[in-house]
Amino acid sequence: MHTKTMEGLVGASTSVNLMNTPLRVLKEASQKGDTGTMQRAMGYVNEYSDKTQQYMAKAEKGMKEEAKEAEEKRELERENAIRKHQAEQEELEKRIEESKNGRTDTVRISNGSKTVSNEEIPLDDTGVDGAASAKAVKMEPVIYTKTGEPGQSQLESGANISVTV
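Just so you know, these numbers come straight off a predicted model, no measurement behind them.

### Points about the overall build of the chain
Point 1. Helices and strands together make up the secondary structure of the chain, namely 3 helices and 2 strands.
Point 2. Going from N to C terminus, the chain has its helices and strands arranged as α-α-α-β-β.
Point 3. Classification of the 165 residues of the chain by burial places 10% in the buried group.
Point 4. In the chain, once contacts between residues fewer than 6 apart in sequence are set aside, the share between residues at least 24 apart is 40%.
Point 5. Put simply, the chain shows about 14,200 Å² of open surface, and 52% of that area lies on carbon and sulfur atoms.

### Description of the confidence of the model for the chain
Point 1. Counting all residues, the mean pLDDT for the chain is 79, and 70% of those residues have values of 70 or more.
Point 2. Looking across the chain, the model is least confident in strand 2 (residues 132–138), with a mean pLDDT of 51, and most confident in helix 2 (residues 35–101), with 91.
Point 3. Confidence drops under pLDDT 50 across residues 130–134; counting only partners more than four residues distant or on other chains, this segment forms 7 contacts.

### Some thoughts on the packing of helix 1 (residues 3–32) against helix 2
Point 1. Interaxial distance between helix 1 and helix 2 falls to 8 Å at its minimum, and their mutual angle equals 165°. Taken together, the axes of helix 1 and helix 2 are roughly antiparallel relative to one another. In this structure, helix 1 crosses over helix 2, and the sense of that crossing is left-handed.
Point 2. Residue composition of the contact of helix 1 with helix 2, by class: 20 nonpolar, 9 polar and 7 charged.

### Concerning the side chain of S15
Point 1. Position of S15 among the secondary structure elements: in helix 1.
Point 2. Judged by its relative accessible area of 4%, S15 is buried.

### A word on the side chain of T5
Point 1. Tracing the sequence through the fold places T5 in helix 1.
Point 2. T5 sits in the buried class, given a relative accessible area of 2%.
Point 3. If sequence neighbours within four positions are ignored, T5 has contacts with A59, G62, M63 and E66.

### Details of the pattern of salt bridges
Point 1. This structure, assessed with the given rule, holds 9 salt bridges.
Point 2. E65 is the partner of K4 in a salt bridge, and the nearest nitrogen-oxygen pair spans 3.3 Å. Residue K4 is located in helix 1, and its partner E65 is located in helix 2; the two are separated by 61 residues in the primary sequence.
Point 3. Here E71 ties to R78 by a salt bridge, and the two come within 3.7 Å at their closest N and O atoms.
Point 4. Given a relative accessible area of 35%, E71 falls into the partly exposed group.
Point 5. On the basis of relative accessible area, R78 is assigned to the partly exposed category, the value being 41%.
Point 6. Overlapping salt bridges bring together E71, R74, E75 and R78 as one network.

Conventions we followed
Residues numbered from 1 in each chain as written. Predicted model: local features only at pLDDT ≥ 70, side-chain atom pairs only at ≥ 80, totals over all residues. Heavy atoms only, no water. Helix = DSSP H or I, 4+ residues; strand = E, 2+ residues; numbered from the N terminus. Buried < 20%, exposed > 50% of the residue type's maximum accessible area, 1.4 Å probe, protein only. Contact = heavy atoms within 4.5 Å. Areas by Shrake-Rupley, 256 points an atom, 1.4 Å probe, with all protein chains shown as cover. pLDDT = per-residue confidence, 0-100. Axes fitted to C-alpha atoms, helices over the stretch in contact; angles between N-to-C directions. Parallel < 35°, antiparallel > 145°, perpendicular 65-115°, else oblique. Left-handed = near helix turned anticlockwise from the far one by under 90°. Nonpolar A, V, L, I, M, F, W, Y, C, P; charged D, E, K, R; others polar. Salt bridge = Lys/Arg side-chain N within 4 Å of Asp/Glu carboxyl O.

This is the structure in structure tokens:
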């Protein structure tokens, strides 16, 4: 909250609370018929009422300044987001240009290699004399431990898993 807004609201609240005493005195004086006390009490009520109006004007001014600062902050954030987007766009254009120039490598994965899991795949084994022989290997999923060694990939037969809900 802006300082002027807070000061205005606190000042207005205090002035309204201070106005209660002269209002009580005014009420008592009117019941007694004491016009002199009534006039003095009414003067204090008017004074506190004027102060309340001044503090309310100060609070309104503070709220306007706060709204203006918030709008400036939003505008600055928008500009930063636009700059960031433009920088990302330029980087993307550079990468596209590099790929057009052939400075990058491309990897293509065939449809056959996508279905590797749990299938027998013939592998070519080239011997010393250059002759190729086909071998069939069954690919099993492998799970590696934290040390980088292959761990147990499937549960032992006979192992039970029990789930209760």
